[in-house]
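Here is how the chains run, residue by residue.
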Amino acid sequence: MTLKLYDTMARKKRPFVPANDKRVTMYVCGPTVYGYAHIGNARPVVVFDVLFRLLRHLYGEDHVVYARNVTDVDDKINLKAAEEGVEIGVITDRYLAAYLEDMDALGALRPTHQPKATDYIAEMVEMIAGLIRNGGAYEAEGHVLFDTQAASNYGALSGRSLDDMIAGARVEVAPYKRNPADFVLWKPSKPHEPRWPSPWGDGRPGWHSECSTMIEQVLGLPIDIHGGGIDLVFPHHENELAQASCAHHGAEFARFWLHNGFLDMDGEKMSKSLGNVIIPHDLLKRVPGEVLRWALLSAQYRQPLDWTESLIEQSRKALDRLYGALQDAAREVGTGRPGPEAGEGVEQVTYALLDDLNTPKALSGLFALSDALRAALTAGDKTAIAAARDDLVTAGAILGLIQKPAAEWFQGAADEGLKEKVEALLVQRAEARAAKDWPSADRIRTELDDLGVVVMDGPQGATWRMKEAV
Ligand code: AMP
Ligand code: ZN
């Protein structure tokens, strides 16, 4: 079975064949670093991380190049820097570091390249100058604008008419624009704003120019996959595409366009402007990153995902169930690690992902593997237990899940002294229960509770975990 991906441009699923299977390229629009990312911003990160892992699985780790940019020049950054009375670099360094820390906690692999816009300003100036030379852009009052009339295919990606686009983009109808849909490639900076030299005066680039330039500079054209959230289709991706094709005389830019659906809360898109944001940076203090990752993958990436407290709880329970089976297996046959030998159950998980990243189906594939492991544990067949354990861990690796030792999942926050104490209390409790001494068993359970420990009785005996840190 081959990988099929829904291509926004074709408006259907298409078999994915890279231009060069020794160098598969993917670019995803990254964060504007002026504040903490919210959990909606984390959805594309986790979704495209699964795709990155799947591509590495299919084509080999060294044959996939993934770039995600950092927007470190932007009006919102300027505003924040002015508010704090610091240089923009202070703001962008601070929030980029937080972003990487949070996305690491969600189990996202670092992209191969993370180009910063401010490192490519000269290249952007060069691209814009080229557009002016070939009639795709014009200068007006210190600005450079892209001439949307000059792009024959403008609107092809978003499927919008020019009228829709003007309304949708809420573009400023500035007097110097030839057409209201024309967008800014370069704009002048006010005295206190960051500035770079250009043939049109000191200023800064528009957002869309960033990605087109960095895609070309970092990955080379055409790229195999261009990704981002569905809100980026228009105007951002439409404009990236227009200027890149115009700069390269219609040459292909991206072979597949992938867009994730929104993460919603109470039926509304989570967004900073609506003020309904949940910030992983805070949430991670009480919820493990792996739980958030599971929750983000619980819906297929193009579908809306409703973010609720109960989704977090279900995700935690799902991981408890899988790690619980792995913990019991570890007692019998030790811990496993992902291996090249994969059983049929692992293939089911891969197949689900090959079908346009059907992560809900892949997650239920993990449950099927953990049920198989439970069956082997019940049968007490050590060879079967080890094989089922390896399958579960191997399938989990493709999704970036269940890779830590089960003991760490359950007891990560406990120090050695506490662990010994808990284990001793559990032995006493088991003895009390065996002797039907219920008052003692209850007293021990309360003692464990006071230590911040939750006891989980399972088919292979009791396991325990630390209550979450609040
Ligand atoms: P921004 O910082 O707003 O440019 O967003 C960064 C990335 O997060 C983009 O790919 C957006 O499309 C995506 N994004 C923003 N809000 C949401 C949301 N509520 N659900 C899913 N993706 C989102
Ligand atoms: Zn972009």
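Quick look at the structure, then. (Residues numbered from 1 in each chain as written. Chains lettered and ligands numbered in written order. Predicted model: local features only at pLDDT ≥ 70, side-chain atom pairs only at ≥ 80, totals over all residues. Heavy atoms only, no water.)

1. Re the overall build of the protein
Then, number 1: Along the protein, the regular secondary structure elements total 16 helices and 15 strands.
Then, number 2: Across its three principal axes, the protein shows a C-alpha extent of roughly 90 × 50 × 35 Å.
Then, number 3: Relative to its full complement of 470 residues, the protein shows a buried share of 52%.
Then, number 4: Here the contacts in the protein between residues at least 6 apart in sequence split such that 75% fall between residues at least 24 apart.
Then, number 5: As displayed, the protein offers around 20,800 Å² of accessible surface, 50% of which is attributable to carbon and sulfur atoms.
Then, number 6: Counting 51 positive and 67 negative side-chain charges, the protein places the averaged centre of each group 2 Å from the other. (Helix = DSSP H or I, 4+ residues; strand = E, 2+ residues; numbered from the N terminus. Buried < 20%, exposed > 50% of the residue type's maximum accessible area, 1.4 Å probe, protein only. Contact = heavy atoms within 4.5 Å. Areas by Shrake-Rupley, 256 points an atom, 1.4 Å probe, with all protein chains shown as cover. Lys, Arg positive; Asp, Glu negative; His and termini not counted. Charge placed at Lys NZ, Arg CZ, Asp CG, Glu CD.)

2. Some points on the coordination of the zinc ion (ligand 2)
Then, number 1: Of the protein atoms, only Cys29 (SG), Cys211 (SG), His236 (NE2) and Glu240 (OE) coordinate the zinc ion (ligand 2), at distances of 2.0 to 2.4 Å.
Then, number 2: Every donor counted, the four donor atoms about the zinc ion (ligand 2) form angles of 78 to 130 degrees at the centre, which fits irregular coordination.
Then, number 3: Here the donor residues for the zinc ion (ligand 2) map to a single chain with the spacing C-x181-C-x24-H-x3-E. Of the two residues, His236 and Glu240 both sit in helix α7 (residues 233–247), four residues apart, roughly one turn of that helix. Judged on exposure class, the residue His236 and its partner Glu240 are both buried. (Donors = N, O, S within 2.8 Å, 3.2 Å for Na, K, Ca; no water. Tetrahedral: all angles 85-135°; square planar, octahedral: opposite > 155°, others 65-115°.)

3. A closer look at the pattern of salt bridges
Then, number 1: Following the criterion strictly, the structure yields 32 salt bridges and no others.
Then, number 2: Residue Lys22 pairs with Asp21 through a salt bridge whose shortest N-O separation is 3.7 Å.
Then, number 3: Accessibility expressed as a relative area gives 41% for Asp21, which makes it partly exposed.
Then, number 4: Note that Glu309 and Arg286 form a salt bridge whose closest N and O atoms lie 3.1 Å from each other. Of this pair, Glu309 sits in helix α10 (residues 309–333) while Arg286 sits in the loop between α8 (280–283) and α9 (289–297), and the two are 23 residues apart along the sequence. (Salt bridge = Lys/Arg side-chain N within 4 Å of Asp/Glu carboxyl O.)

4. Digging into unusual backbone geometry
Then, number 1: Residue Pro222 is bonded to the preceding Leu221 through a cis peptide linkage, with omega at -10 degrees.
Then, number 2: Relative to the assigned elements, Pro222 resides in the loop between α6 (207–219) and β9 (223–229).
Then, number 3: Cis rather than trans, the peptide bond between Phe234 and Pro235 has omega equal to 0 degrees.
Then, number 4: Counting through the fold element by element, Pro235 comes out in helix α7.
Then, number 5: Its identity as a non-glycine residue notwithstanding, Glu141 has a phi of 50 degrees, on the positive side.
Then, number 6: For Glu141, a relative accessible area of 62% corresponds to the exposed category.
Then, number 7: Phi at Ile402 takes a positive value of approximately 45 degrees, unusual for a residue other than glycine.
Then, number 8: Along the chain, Ile402 turns up in the loop between α13 (382–399) and α14 (406–411).

5. Quick notes on the packing of aromatic side chains
Aromatic rings in a pair are described by how distant their centres are and how their planes are angled relative to each other.
Then, number 1: Under the criterion given, the structure shown has 10 aromatic pairs.
Then, number 2: Taking 4.9 Å as the distance between ring centres and 20 degrees as the angle between the ring planes, the aromatic pair formed by Tyr323 and Trp409 counts as stacked. Of the two residues, Tyr323 sits in helix α10 while Trp409 sits in helix α14, which places them 86 residues apart along the sequence. Side by side, Tyr323 and Trp409 carry an identical accessibility label, which is buried.
Then, number 3: Put simply, the rings of Phe16, Tyr59 and Phe256 touch in pairs and so form one group of aromatic residues.
Then, number 4: Residue placement shows Arg56 over the ring face of Phe52; its charged tip is 5.0 Å from the ring centre.
Then, number 5: Arg178 extends its terminal NZ or CZ atom over the ring of Tyr138, reaching a point 3.9 Å from the ring centre. (Phe/Tyr/Trp six-rings, centres within 6.5 Å; stacked < 30°, edge-to-face > 60°. Lys NZ or Arg CZ within 6 Å of the ring centre and 35° of its normal.)

6. Regarding the site of ligand 1
Then, number 1: Surveying the vicinity of ligand 1 reveals 14 residues, the closest of which are Gly40, Gly229, Asp231, Leu263 and Met270.
Then, number 2: Note that a nitrogen atom of ligand 1 is positioned 3.3 Å from one of the side-chain N or O atoms of Asn260.
Then, number 3: A distance of 2.9 Å separates a nitrogen atom of ligand 1 from a polar backbone atom of Met270.
Then, number 4: Taken by itself ligand 1 offers 480 Å² of open surface, and the protein chains cover 86% of this.
Then, number 5: At the level of elements, α1 (39–59) and β9 are the ones that each hand at least two residues to the shell around ligand 1.
Then, number 6: With three residues, α1 is the single largest residue contributor to the shell around ligand 1.
Then, number 7: For the shell around ligand 1, the per-class residue count stands at five nonpolar, seven polar and two charged. (Near = heavy atom within 4 Å. Polar contact = N/O pair within 3.5 Å; in protein donor to acceptor, adjacent residues only side chain to side chain. Nonpolar A, V, L, I, M, F, W, Y, C, P; charged D, E, K, R; others polar.)

7. A closer look at the side chain of Gln327
Then, number 1: Within the element layout of this structure, Gln327 appears in helix α10.
Then, number 2: When near neighbours in sequence (up to four residues on either side) are disregarded, Gln327 contacts Ala406, Ala407, Phe410, Gln411, Thr463 and Trp464.

8. Details of the nonpolar core
Then, number 1: Within the largest apolar cluster, 87 residues are counted, with the highest numbers of intra-cluster contacts made by Leu51, Trp307, Leu366 and Leu399.
Then, number 2: Tallying contributions element by element places α1 first for this core, with 11 residues.
Then, number 3: Core analysis: the next-biggest nonpolar cluster, separate from the first, contains 41 residues, Val125, Trp186, Trp196 and Trp257 among them. (Core = buried A, V, L, I, M, F, W, Y, C linked by side-chain atoms within 4.5 Å.)

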